[in-house]
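The chain contents come next:
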Amino acid sequence: MNWAHVLLAGYIGAVIAIVVGMFRKKGWLGKISGAVIFVVAIIAWNLFDVHYLIPRESPDYGLTEEQQFEKAMLSNPAFQVIKEQEPALTQKIISQAAQMKKAGSSEQQVIDAIQPQILQLQMARLQQAPDANVIEYMKINLEQIAAVAKIGDDECFRFLFPAVKGGINPARLVPREIMDRRMASDMSMMYASHGPKKHTVTAEEKQLALQDLQAISPGLVQRYGDDIQIMADPTKAIGKEKIACEIVQDLWSQVLKLPTARAAGVIRLMLSAEMQ
């Protein structure tokens, strides 16, 4: 098994921003007159995607499965940060992957097992990262979506919604230069979230983020009409893959037009654990 490939593919994650119905259940939004407000459920696998594809074709003779996996992890700068900051989690992932391999699990099963753990860590770090790091993080993600969209509508859809029609390997479609900046952005974000300028999310920030989403959502509904429902049920996008990709890019683009602190607040809210 190519552990470098498994590890990198395992860096992909799914992030969902919940629709307005869940906001109401949580009591975050009151009745809004004059418009039907949607907070789109965005599946942004690109946020935690394959950042860096390092060709390692030669086999690691003499190494155990755990040693091979750890070697692959340490060849990836982003995972070096994870090991440094979360050694217990790192060892857990390494042991779990090796055990699954010995038990006969497929490459995809191993990827599916380690993805949620990496995703949870990244989402937590994003909450504590300074505004500038959060904004940069999202800007590069939009560049990745745009790069895949240039290849084709179907590729873009598979990139964002892999559970519907199967995913793709972004490392083969996204320019290396963008992936290199993605890697650097991730490392910077992870370090900054533990640094002296780390961010603390306040109740006021959350409330302002909700207000900003309320202001953004009607425009999406006006532009896309009933197709906005694709975000709540991506299976409805079959035949409308281009529209689905446009909605995702439109939403995040609108968020990034906000002043820096407010845009960062919206991103943190939409990608927070409490929204899942």
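Residues numbered from 1 in each chain as written. Predicted model: local features only at pLDDT ≥ 70, side-chain atom pairs only at ≥ 80, totals over all residues. Heavy atoms only, no water.

## With respect to the side chain of Asn133
Here Asn133 is to be found in helix H7 (residues 131–151). Apart from the residues within four sequence positions on either side, Asn133 is in contact with Ser188, Met189 and Ala192. (Helix = DSSP H or I, 4+ residues; strand = E, 2+ residues; numbered from the N terminus. Contact = heavy atoms within 4.5 Å.)

## Things to note about the packing of aromatic side chains
The final tally for this structure, using the stated rule, is 0 aromatic pairs. A cation over a ring is seen here: Arg182 above Tyr137, with NZ or CZ 4.1 Å from the ring centre. (Phe/Tyr/Trp six-rings, centres within 6.5 Å; stacked < 30°, edge-to-face > 60°. Lys NZ or Arg CZ within 6 Å of the ring centre and 35° of its normal.)

## Overview of the pattern of salt bridges
Evaluated as defined, the whole model comprises 14 salt bridges. Salt-bridge contacts for Asp250 lead to Arg223; the nearest nitrogen and oxygen are separated by 2.8 Å. Pair noted here: Asp250 is in helix H12 (residues 241–256) and Arg223 is in helix H11 (residues 203–224), with a separation of 27 residues, a long-range link. When its relative accessible area of 11% is taken as the criterion, Asp250 is described as buried. Residues participating in the shared-partner salt-bridge network are Asp154, Arg158, Lys165 and Glu241. (Salt bridge = Lys/Arg side-chain N within 4 Å of Asp/Glu carboxyl O. Buried < 20%, exposed > 50% of the residue type's maximum accessible area, 1.4 Å probe, protein only.)

## Things to note about the environment of Leu142
By the secondary structure assignment, Leu142 is in helix H7. In contact with Leu142, not counting residues within four places along its chain, are Gln249, Trp252, Ser253 and Leu256.

## Quick notes on helix H5 (residues 87–102)
With 16 residues, H5 ought to run about 22 Å at 1.5 Å a step, and its terminal C-alpha atoms sit 23 Å apart, in line with that. Note on H5: the residue one or two positions beyond its end, Gly104, has a positive phi of about 95°. (Expected span 1.5 Å × (residues − 1).)

## A few points about the confidence of the model for the protein
Per-chain confidence: the protein averages 75 in pLDDT, with 74% of residues scoring 70 or above. Mean pLDDT in the protein bottoms out at helix H2 (residues 20–25), which sits at 36, and peaks at helix H13 (residues 260–270), which reaches 93. In the model, residues 8–58 has pLDDT below 50 throughout and makes 153 contacts with residues more than four positions away in sequence or in other chains. (pLDDT = per-residue confidence, 0-100.)

## Describing the state of the cysteines
Under the defined criterion, the tally for this structure stands at 1 disulfide. Across a sulfur-sulfur distance of 2.5 Å, Cys156 and Cys245 are joined as a disulfide pair. An S-S torsion of about -135° defines the bridge between Cys156 and Cys245 as left-handed. One end of the pair, Cys156, is in helix H8 (residues 153–160); the other, Cys245, is in helix H12, and 89 residues separate them in sequence. When sorted by exposure, Cys156 lands in the same class as Cys245, which is buried. (Disulfide = S-S within 2.5 Å.)

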